[in-house]
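Geometric and topological summary
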Amino acid sequence: VSRDSPVAMQPAVRAAEQLAAGNLAARSDLQGNDELGRLGRAFDIMATDVADTQIRLRQDIADRERADQALRVSEESYRAIFDAAEDAIFVHEIDGTIIDVNPKACAFYGYTREEMLKILDGGLRSGNPPYVRDDATHFDAAIAGKTPHFERASKNRHGRLRWDEV
């Protein structure tokens, strides 16, 4: 059989079909220094690269799934602590938009969670001098890594005043 004949190409064709079908161990094992041998070696190198890439991708996917699971567990733990806290906890943007609130905050202020998420933090302040605060100063301090600590008067849903330690 001549190396130029279709029969000589059969190992390369068979290896290519096996690789396409998912057999990452498929190799042509063609030898020689002629065009067919060089083609076979190039195919085998490419097949090895494909197999290595598949292994890395599978490892990356497994790592990502483990990280996602760890994140879910962490979020569940955070949510359990956040929801069970005896203090009112707010999470908000710098502009005062409330993005999360725990059940204790809802109970303190008399709003549902959905209602609280529609209120700007300033909407809870009493507005009574001298307890009208410029929260931008406190946000700037927090962004700078400092822990702002202050008291302010606020009001609940029914307008009742209360003191908050922030």
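Everything numeric here is computed off the predicted structure, so don't read it as measured data. Residue positions within a chain follow its written sequence, with the count starting from 1. With pLDDT at 70 or above as the cut-off, local features in this predicted model cover only qualifying residues; side-chain atom pairs require 80 or more to be listed or tallied, and sums for whole chains, interfaces and linings still use all residues. Side-chain metrics rest on all non-hydrogen atoms present in the structure, leaving aside hydrogens and water.

1. Describing the confidence of the model for the protein
Inclusion rule: Summary of the metric used: pLDDT quantifies the predictor's per-residue confidence within the range 0 to 100. Helix and strand definitions follow DSSP, with helices as H or I runs of at least four residues and strands as E runs of at least two, each counted in order from the N terminus.
Chain-level statistics for the protein give a pLDDT mean of 85 and a share of 87% at 70 or above. The secondary structure element of the protein with the lowest average pLDDT is helix α5 (residues 135–143), at 74, and the one with the highest is helix α3 (residues 103–109), at 95.

2. So, the nonpolar core
Condition: For this analysis, a nonpolar core means a set of buried residues of the types Ala, Val, Leu, Ile, Met, Phe, Trp, Tyr and Cys, connected via side-chain atoms within 4.5 Å. Burial status follows relative accessibility: with a 1.4 Å probe on protein chains alone, a residue under 20% of its type maximum counts as buried, one over 50% as exposed, and anything between as partly exposed.
One finds I98, V101, A105, C106, Y109, Y111, M116, I119 and L124 forming the largest nonpolar core, which totals nine residues. Counting residues per element, the ones that place at least two in this core are β2 (98–101) and α3. Element by element, the count of residues in this core is highest for α3, at three residues. Among the nonpolar cores identified, the runner-up in size contains seven residues, and A15, L19, L24 and A47 belong to it.

3. Notes on the pairing of strand β4 (residues 161–165)
Going by this rule: Two strands qualify as a pair provided that DSSP identifies no fewer than 2 bridges between them.
Here strand β3 (residues 151–155) pairs with β4 via five bridges, running antiparallel. Bridge pairing links S154 to R162 in β4. The hairpin formed by β3 and β4 contains five residues between the paired strands, and G159 there has a positive phi angle of roughly 85 degrees.

4. What to know about unusual backbone geometry
Its identity as a non-glycine residue notwithstanding, D29 has a phi of 55 degrees, on the positive side. Turning to its location among the elements, D29 is positioned in the loop between α1 (6–20) and α2 (35–84). The class of D29 is exposed, set by a relative accessible area of 56%.

5. Re the pattern of salt bridges
Note on pairing: side chains with opposite charge can pair once their charged atoms come close. Our working rule: By definition, a salt bridge exists where a carboxyl oxygen of Asp or Glu is found within 4 Å of a side-chain nitrogen of Lys or Arg.
A complete count under the given rule lists eight salt bridges for this structure. For D83, the salt bridge goes to R79, with nearest N and O atoms at 3.3 Å. Here R79 and D83 lie together in helix α2, a separation of four residues that amounts to about one turn.

6. What to know about the packing of aromatic side chains
Which entries qualify depends on this criterion: Between rings of Phe, Tyr and Trp, where Trp is taken as its six-membered ring, a pair exists when centres lie within 6.5 Å; planes separated by under 30 degrees are stacked, by over 60 edge-to-face, and by other angles tilted. For a lysine, the NZ atom is tested; for an arginine, the CZ atom; a charge sits over a ring if that atom is within 6 Å of the ring centre and within 35 degrees of the ring normal.
Evaluated as defined, the whole model comprises two aromatic pairs. Each ring, one from F90 and one from Y109, has its centre 5.7 Å from the other, and the planes form 65 degrees; the classification is edge-to-face. One end of the pair, F90, is in strand β1 (residues 90–92); the other, Y109, is in helix α3, with 19 residues separating them in the sequence. Of the residues examined, F90 reaches a relative accessible area of 23% and is grouped as partly exposed. One residue, R162, lies across the ring of F108, its end atom 4.6 Å from the ring centre. Taking NZ or CZ as reference, R162 lies 5.3 Å from the ring centre of Y109, over its face.

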